[in-house]
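Secondary and tertiary structure notes
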Amino acid sequence: MSSTTLLAKAATEKYETLFHRHPANPILTEKDWPYSINSVFNAGATLLPDGSTLLLCRVEDRRGLSHLCVARSVNGVDGWQIDREPTLLPNAARYPEELWGIEDPRITYVPELKKYAIAYTSYSRGGPGVSLALTEDFRSFERIGVIMPPDDKDAALLPRRINGYWALIHRPMTPLGAHVWISYSPDLRHWGSHKLMLEARRGAWWDANKIGMSPPPIETSRGWLMLYHGVRRTPSSSIYRLGLALFDLQQPEKCLVRGDSWMFAPEAEYERHGDVQDVVFPCGYTIASDGDTINLYYGAADSSIALAHGSIRALLSWLDANGHSEHSNDRRHA
Ligand code: BMA
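Treat the numbers as computed from the prediction; the structure is a model and nothing was measured. (Residues numbered from 1 in each chain as written. Predicted model: local features only at pLDDT ≥ 70, side-chain atom pairs only at ≥ 80, totals over all residues. Heavy atoms only, no water.)

Digging into the overall build of the protein chain
- Within the protein chain, the secondary structure is distributed over four helices and 23 strands.
- In terms of overall size, the protein chain behaves like a compact globule, its C-alpha atoms giving a radius of gyration of 19 Å where 334 residues would be expected to give roughly 20 Å.
- Across the 334 residues of the protein chain, 58% fall into the buried class.
- When contacts within the protein chain are restricted to residue pairs at least 6 apart in sequence, long-range pairs at least 24 apart make up 49% of them.
- Total accessible area on the protein chain stands at roughly 14700 Å², and carbon and sulfur atoms take up 50% of it.
- If the 35 positive side-chain charges of the protein chain are averaged to one point and the 39 negative ones to another, these points end up 3 Å apart. (Helix = DSSP H or I, 4+ residues; strand = E, 2+ residues; numbered from the N terminus. Rg over C-alpha atoms; globule rule 2.2 N^0.38 Å. Buried < 20%, exposed > 50% of the residue type's maximum accessible area, 1.4 Å probe, protein only. Contact = heavy atoms within 4.5 Å. Areas by Shrake-Rupley, 256 points an atom, 1.4 Å probe, with all protein chains shown as cover. Lys, Arg positive; Asp, Glu negative; His and termini not counted. Charge placed at Lys NZ, Arg CZ, Asp CG, Glu CD.)

As for the sheet that holds strand S6 (residues 102-110)
- Spatial ordering of the open sheet is given by S6-S7-S8-S9, a layout of four strands whose pairing is antiparallel. What marks the edges here is a single partner per strand, and that holds for S6 and strand S9 (141-148). On average, adjacent strands in this sheet sit at an angle of 25° to one another, irrespective of strand direction.
- Direction of pairing for S6 relative to strand S7 (residues 115-124): antiparallel, over a ladder of seven bridges. Note that in S7 the partner of Ile-102 across the bridge is Ser-122. (Pairing = 2+ DSSP bridges. Axes fitted to C-alpha atoms, helices over the stretch in contact; angles between N-to-C directions.)

Things to note about the sheet that holds strand S22 (residues 304-311)
- Ordered by their spatial adjacency, four strands build an open sheet running S1-S22-S21-S20, and the pairing between neighbours is antiparallel. This sheet does not close on itself; its edge strands, each paired only once, are strand S1 (20-21) and strand S20 (280-287).

Considering the pattern of salt bridges
- According to the stated counting rule, one finds 20 salt bridges in the structure shown.
- Here Arg-272 makes a salt bridge to Asp-278, at a shortest N to O gap of 2.7 Å.
- Using a relative accessible area of 37% as the deciding quantity, one classes Arg-272 as partly exposed.
- Accessibility expressed as a relative area gives 6% for Asp-278, which makes it buried.
- Connected via shared salt-bridge partners are Arg-58, Glu-60, Glu-103 and Asp-104. (Salt bridge = Lys/Arg side-chain N within 4 Å of Asp/Glu carboxyl O.)

Concerning unusual backbone geometry
- Cis geometry is adopted by the peptide bond preceding Pro-26, which originates at Asn-25 and carries an omega value of -10°.
- Structurally, Pro-26 can be placed in the loop between S1 and strand S2 (39-47).
- The omega torsion across Pro-150 and Asp-151 is 0°, close enough to zero to call that bond cis.
- Tracing the sequence through the fold places Asp-151 in the loop between S9 and strand S10 (152-157).
- Its identity as a non-glycine residue notwithstanding, Lys-114 has a phi of 55°, on the positive side.

Some details on the packing of aromatic side chains
- Enumeration according to the criterion identifies ten aromatic pairs in this entry.
- Between Trp-80 and Tyr-297, the aromatic rings sit 6.4 Å apart at their centres with planes inclined by 85°, giving edge-to-face as the arrangement. In this pair, Trp-80 sits in the loop between strand S4 (66-73) and strand S5 (81-82) while Tyr-297 sits in strand S21 (residues 293-300), placing the two residues 217 residues apart along the sequence.
- For Trp-80, a relative accessible area of 13% translates into the label buried. (Phe/Tyr/Trp six-rings, centres within 6.5 Å; stacked < 30°, edge-to-face > 60°.)

Overview of the confidence of the model for the protein chain
- Overall, the predicted model of the protein chain reaches an average pLDDT of 95, with 94% of residues at or above 70.
- Confidence over residues 329-334 falls short of pLDDT 50; this stretch has eleven contacts with residues more than four positions distant or in other chains. (pLDDT = per-residue confidence, 0-100.)

Observations concerning the site of the ligand
- Around the ligand, the neighbouring residues are Asn-42, Arg-58, Asp-104, Lys-153, Tyr-240, Val-276, Val-279, Phe-281 and Asp-302.
- Within the side chain of Asp-104, an N or O atom sits 2.5 Å from an oxygen atom of the ligand.
- A distance of 3.1 Å is found between an oxygen atom of the ligand and a side-chain nitrogen or oxygen belonging to Lys-153.
- Coverage of the ligand by the protein amounts to 85% of the 310 Å² it exposes when considered alone. (Near = heavy atom within 4 Å. Polar contact = N/O pair within 3.5 Å; in protein donor to acceptor, adjacent residues only side chain to side chain.)

Concerning the layout of surface pockets
- By volume, the second largest pocket is sized at about 500 Å³.
- What lines the second largest pocket is a set of 25 residues, among which Tyr-109, Pro-159, Pro-217, Tyr-285 and Ile-287 lie closest to the centre.
- Only S2, S6, strand S16 (218-220), S20 and helix H3 (312-322) provide two or more residues apiece to the lining of the second largest pocket.
- Tallying contributions element by element places S20 first for the lining of the second largest pocket, with five residues.
- When grouped by side-chain class, the residues that make up the lining of the second largest pocket number 17 nonpolar, seven polar and one charged. (1 Å grid on protein atoms, 1.4 Å probe; cavity = no way out; pocket = protein on both sides within 12 Å on 5 of 7 lines; lining within 4 Å. Points joined across faces, edges and corners; volume = space filled by probe spheres on them. Nonpolar A, V, L, I, M, F, W, Y, C, P; charged D, E, K, R; others polar.)

The following block contains the structure:
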């Protein structure tokens, strides 16, 4: 779409609502926890074989350090059964990279391994890095250790090999900006073939300078659909908002289309105010049995967990109407 058409469109139409907040929000807060915590937010999510929902929540204690704790629910909204104790604690004695806690897990079910892969941030003395663990039951965990050294985070494994190699999306920080990269591995331990996947824009854009993948990408017939966060720095704080991009199924580093505007942003009181104001930060979703409805679980203001519903079909048509190819003239002139 040309810039002129876009401007004309923006002038005549109201922004479409793609994600609808659940009226029970926030669905999980520190008050729900069976032990003393400061806050709970940024949860990975998956459906279990019995159809129930599992959230792997980031829980922060009053030292400021995070660990992970499982909450299970039959309907994914309420009646959460929360582990009585932390499910996965940092273990700095064996894994020094976990010295200052473990954060922001993204869960991918990997049919070939019949295991869930959890990519999480391990906060080491050298900064945040990406660690990987495997589990079959969310009770015992096989830690693979650091797979991307600091400063790197916002990672998820793709559910299957691409051309014979495992693929990991992640967000290294560089002096030139924080962009989304993809790397490949024959064995989940040794990573290479690093490729830039999505670049932060520059200047006044909502997603200038710092972006990161939010939940693991959603596999659709048209490509990998990625919800990503853009961080807008303002004189008083930062605003975490969400945008959309679609990537080639066989060559995921190839961006097919990227939305121009953000499509979900902090608006509700529990998103605007909390330990960190103006943050919506999803790390997981489940897909309903209709194959289209997305239940998006997101951290709100680094203080609670909230839920919003969207539709894969609606996201794709929004991208058609509000996005452009990364290689089009629009992009080069942006
Ligand atoms: C990011 C991550 C998230 C956090 C967000 C807002 O850099 O560390 O865990 O929710 O900042 O504080």
